[in-house]
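Observations on chain architecture
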Amino acid sequence: MIVAMSEFLRLSDVDVAGRRVFIRADLNVPQNDAGAITDDTRIRASMPAIRDALARGGAVMVTSHLGRPVEGRLTEADSLAPVAARIGELLGRELMLIRDWVNGGTWHAELGSGDLVVLENCRANPGEKADSIHLAQQMANLCDVYCNDAFATAHRAEATTHAMALYAPIACAGPLMAAELDALGKALASPAQPLVAIVGGAKVSTKLALLRALVEKVDALIVGGGIANTFLLAAGHPIGRSLAEPDLVPQARTILEGFRDKVPLPVDVVVAKAFAADAPATIKVIDDVADDDLILDIGPQTVAKLVPLIERAGTIVWNGPVGVFEFDAFAAGTQALAEAIAASPAFSIAGGGDTLAAIARFGIADRIGYISTGGGAFLEFLEGRKLPAVAVLEARGREARDRAS
Ligand code: ADP
Ligand code: MG
């Protein structure tokens, strides 16, 4: 039996010659304090859509969010300028970067077949996060073909990822979006057991909200970073001044009450008095954390408890470093888990901007089963939720097919 994996149109199915193609990519790359891109995986992963649309004679606009700008106020730190420069390097040409692009302008009137412009950080447009219909209609007016290639943002219903797809004349999925959905669909349809999830990082509120459903699907949920700190707080341990989400303590407590044996909490941690690369690091058992301590990594005893879970896993999904791996003194926990994942016979899937940076740093990319550009998106996919950006593309795809038949 052949089952149609996807109901959406693909960019490759759409004739783009002479048409205005608006690509919503995910070019949200990690940057250092000077704004330099520290890992360009997401840019390289977005190039096939751009190259294809250009090669087939599209007049191409590409945009993305970058970081978390305040709507209506685009600062230099939020600018896609370094991203545009990198795309230009990869294509061997200079690109125009357009500010205030929502209502078009000369640049739009002059955009011709084979041209490419980068539209500034879409999350700086008022109405983006609220999935504004008004904003979506204005943006849809800029194009003949809307192409969503931003898998990593597919779990968010925002104007460029969701509402715009309702109003554009044609709405399709880009090759990265399609490939991610195909690959994850296959890998997670019937994952080899035990299924172990590792969730860490700093985006505590977005991620913790997903864990209630995720914990039911997995055999073990390994937590790190701000997520672990929030669980430690929920379990009554001191966490000092560590990154955590006190508002989500009740949710964390519910998870611990229902699934305590699935969620191994850190028994020791690496702390410092300041969030800095040169801050002296101290290993402490969990109940010795002082009021002025910051927990910045999991400790060696914790690592020793977690590694066997990873060794015995059938499938591992990983999103979020378990410590501040960017600082050498707080990288050991993430490095040890990364190496255990690489060495494990389990099929591993990893995703998330900073997770990819950690994978690159520890040199294990070729020993990960599948590297996704998505973090939150693939956690939601795993959880079994319909991603809003995918749902709308599917609805438009069905509509197009119904019209054609
Ligand atoms: P991803 O991009 O992989 O989804 P996040 O963006 O949620 O991951 O989080 C990544 C960041 O979390 C890293 O920059 C890392 O330094 C930070 N981090 C990890 N552990 C801690 C911690 N204990 N305290 C503060 N920040 C942390
Ligand atoms: Mg991140």
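See the structure printed just above.
Calculation rules
- Residues numbered from 1 in each chain as written.
- Chains lettered and ligands numbered in written order.
- Predicted model: local features only at pLDDT ≥ 70, side-chain atom pairs only at ≥ 80, totals over all residues.
- Heavy atoms only, no water.
- Buried < 20%, exposed > 50% of the residue type's maximum accessible area, 1.4 Å probe, protein only.
- Helix = DSSP H or I, 4+ residues; strand = E, 2+ residues; numbered from the N terminus.
- Near = heavy atom within 4 Å.
- Polar contact = N/O pair within 3.5 Å; in protein donor to acceptor, adjacent residues only side chain to side chain.
- Areas by Shrake-Rupley, 256 points an atom, 1.4 Å probe, with all protein chains shown as cover.
- Pairing = 2+ DSSP bridges.
- Axes fitted to C-alpha atoms, helices over the stretch in contact; angles between N-to-C directions.
- Contact = heavy atoms within 4.5 Å.
- Right-handed = clockwise from strand over helix to strand, strands pointing away.

**A word on helix α5 (residues 159-167)**
Burial analysis of α5 places seven of its nine residues in the buried class, the great majority of the element. Burial in α5 covers these residues: Ala 159, Thr 160, Thr 161, His 162, Ala 163, Met 164 and Ala 165.

**Describing the site of ligand 1**
Neighbouring ligand 1 are 20 residues; Ala 202, Lys 207, Glu 326, Asp 354 and Thr 355 lie closest to it. Note that an oxygen atom of ligand 1 is positioned 3.3 Å from one of the backbone N or O atoms of Gly 353. In the environment of ligand 1, an oxygen atom lies 2.5 Å from a nitrogen or oxygen atom belonging to the side chain of Thr 355. Considered on its own, ligand 1 offers 580 Å² of accessible surface; in the complex 91% of this is hidden by protein. Counting residues per element, the shell around ligand 1 draws most heavily on helix α12 (residues 353-361), at three residues.

**What about the sheet that holds strand β2 (residues 59-63)?**
Spatially, six strands are ordered β3-β4-β2-β1-β5-β6 in an open sheet, and the strand pairing comes out parallel. Lying at the two open borders of the sheet, with one neighbouring strand each, are β3 (96-98) and β6 (170-173). Between one strand axis and the next, the sheet turns through 25° on average, direction left out of account. For strand β1 (residues 20-24) and β2, the ladder comprises five bridges, and the chain directions are parallel. Looking at the pairing, Phe 22 lines up with Met 61 of β2. Each of β1, β2 and β4 (116-119) touches helix α1 (residues 41-55); the most contacted strand, β1, lies at about 180° to it.

**Examining the pairing of strand β13 (residues 347-351)**
The buried count for β13 comes to four of five residues, which makes it a mostly enclosed element. With helix α11 (residues 332-343) bridging strand β12 (residues 315-319) and its parallel neighbour β13, the resulting β-α-β unit is right-handed. In this fold, the crossover linking β13 to strand β14 (residues 370-372) by way of α12 has right-handed handedness.

**Digging into unusual backbone geometry**
Put simply, Gln 193 and Pro 194 share a cis peptide bond, and its omega is -10°. For Pro 194, the location among the structural elements is in the loop between α6 (175-189) and β7 (195-199). Within the chain, Asp 100 stands out as a residue other than glycine whose phi angle is a positive 45°. Relative to the helices and strands, Asp 100 resides in the loop between β3 and α3 (106-109). Phi angles above zero are rare outside glycine, and Asp 131 is one such case at about 60°. Positionally, Asp 131 belongs in the loop between β4 and α4 (133-140).

These figures come from the coordinates and say nothing about function on their own.
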